[in-house]
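# Summary of structural features
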Amino acid sequence: MTVSERAHELAMAAAQAAADKKAQDIVIIDVGDQLAITDAFVLAAAPNERQVLAIVDAIEERLLELPEKAKPVRREGQRGGRWVLLDYVDIVVHVQHTEEREFYALDRLWKDCPQIPFVDRDLADSAAGTAAAE
């Protein structure tokens with residue numbers, strides 16, 4: 001894995017913020033060996049424009065709450081709400097409408113790059129609670 005510790009921290013925080021807002025198909029891709037401009041992509045989808053924008057807002061808020069605050073150096077696509085890109089230098093976050101996610105298939109485009117495992121904290125907690133109850 002070529003992602004820096006900082007990129008890993010940002011990617012996990014962004015992915016969890018997206019999951020907290022019910023994002024779908026959250027994937028973190030280690031692109032550090034293929035791109036010199038960033039270490040990882042965080043991909044997330046939502047079924048409508050309003051939710052795309054809510055996920056973007058949640059990610060920005062979460063990364064500002066980190067001990068070493070992170071603000072995007074570039075933001076694209078905010079107006080349309082179909083695909084918003086947040087560039088944090090160490091990571092680039094793509095929050096896409098479900099249709100754009102399927103059409104552009106960034107996961108397949110970067111399939112040669114390793115994925116960084118992400119498990120939604122709420123799903124892990126509920127699975128642990130179910131296992132404890134048995």
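This write-up is about the structure you can find in this document. Predicted model, so just to flag it, every value in this text is computed and none were measured.

## Let's talk about the environment of Tyr104
Within the secondary structure, Tyr104 is located in helix H3 (residues 98–104). Classification of Tyr104 by relative accessible area gives partly exposed; the value is 44%. Every residue in contact with Tyr104, bar those within four places of it in the chain, is listed here: Trp83 and Gln96.

## Remarks on the pairing of strand S4 (residues 83–87)
Buried residues dominate S4, accounting for four of its five residues. In this structure, strand S3 (residues 74–76) lies alongside S4, joined through three bridges in antiparallel fashion. Across the sheet, the residue bridging to Glu76 is Leu85, located in S4. Here five bridges tie S4 to strand S5 (residues 91–97), and the two strands are oriented antiparallel to one another. Across the sheet, Asp87 pairs through a bridge with Val92, a residue of S5.

## Points about the environment of Thr38
With respect to the helices and strands, Thr38 occurs in the loop between strand S1 (24–30) and strand S2 (40–46). Among the residues examined, Thr38 registers a relative accessible area of 3% and is labelled buried. Thr38 sits 43 residues away from Gly81 along the chain, and the two C-alpha atoms are 23 Å apart. Ignoring any residue separated from it by four or fewer positions in sequence, one finds Thr38 in contact with Val31, Gly32, Val89, Asp90, Ile91 and Val92. A distance of 3.0 Å separates a polar side-chain atom of Thr38 from the backbone oxygen of Val89. Here Asp90 takes part through its backbone oxygen, which lies 3.1 Å from a polar atom of the side chain of Thr38.

## Some details on helix H1 (residues 5–20)
When the terminal C-alpha atoms of H1 are compared, their 22 Å separation across 16 residues agrees well with the 22 Å that a helix rising 1.5 Å per residue should span. Within the span of H1, buried status applies to Ala7, Leu10, Ala11, Ala13, Ala14, Ala15, Gln16, Ala17, Ala18 and Ala19. Lys22 sits one or two positions beyond H1 and adopts a positive phi of about 65 degrees.

## Let's talk about the environment of Pro117
Summarising the element assignment, Pro117 is placed in the loop between strand S6 (115–116) and helix H5 (121–133). Residue class for Pro117 comes out exposed when judged on its relative accessible area of 65%. For the pair Pro117 and Met12, spaced 105 residues apart in the sequence, the C-alpha separation amounts to 9.2 Å.

## Topic: the packing of H1 against helix H2 (residues 49–65)
It is the contact of H1 with H2, at a shortest axis distance of 8 Å, that shows an interaxial angle of 140 degrees. It follows that H1 is oblique to H2 by the angle criterion. The crossing of H1 and H2 is right-handed. On H2, the residues touching Leu10, Ala13, Ala14, Gln16, Ala17, Ala18 and Asp20 of H1 are Ile55, Ala58, Ile59, Arg62 and Leu63. For the contact of H1 with H2, a count of residues per class yields nine nonpolar, one polar and two charged.

Conventions used here
Residues numbered from 1 in each chain as written. Predicted model: local features only at pLDDT ≥ 70, side-chain atom pairs only at ≥ 80, totals over all residues. Heavy atoms only, no water. Helix = DSSP H or I, 4+ residues; strand = E, 2+ residues; numbered from the N terminus. Buried < 20%, exposed > 50% of the residue type's maximum accessible area, 1.4 Å probe, protein only. Contact = heavy atoms within 4.5 Å. Pairing = 2+ DSSP bridges. Polar contact = N/O pair within 3.5 Å; in protein donor to acceptor, adjacent residues only side chain to side chain. Expected span 1.5 Å × (residues − 1). Axes fitted to C-alpha atoms, helices over the stretch in contact; angles between N-to-C directions. Parallel < 35°, antiparallel > 145°, perpendicular 65-115°, else oblique. Left-handed = near helix turned anticlockwise from the far one by under 90°. Nonpolar A, V, L, I, M, F, W, Y, C, P; charged D, E, K, R; others polar.

Distances and angles like these do not, on their own, reveal function.
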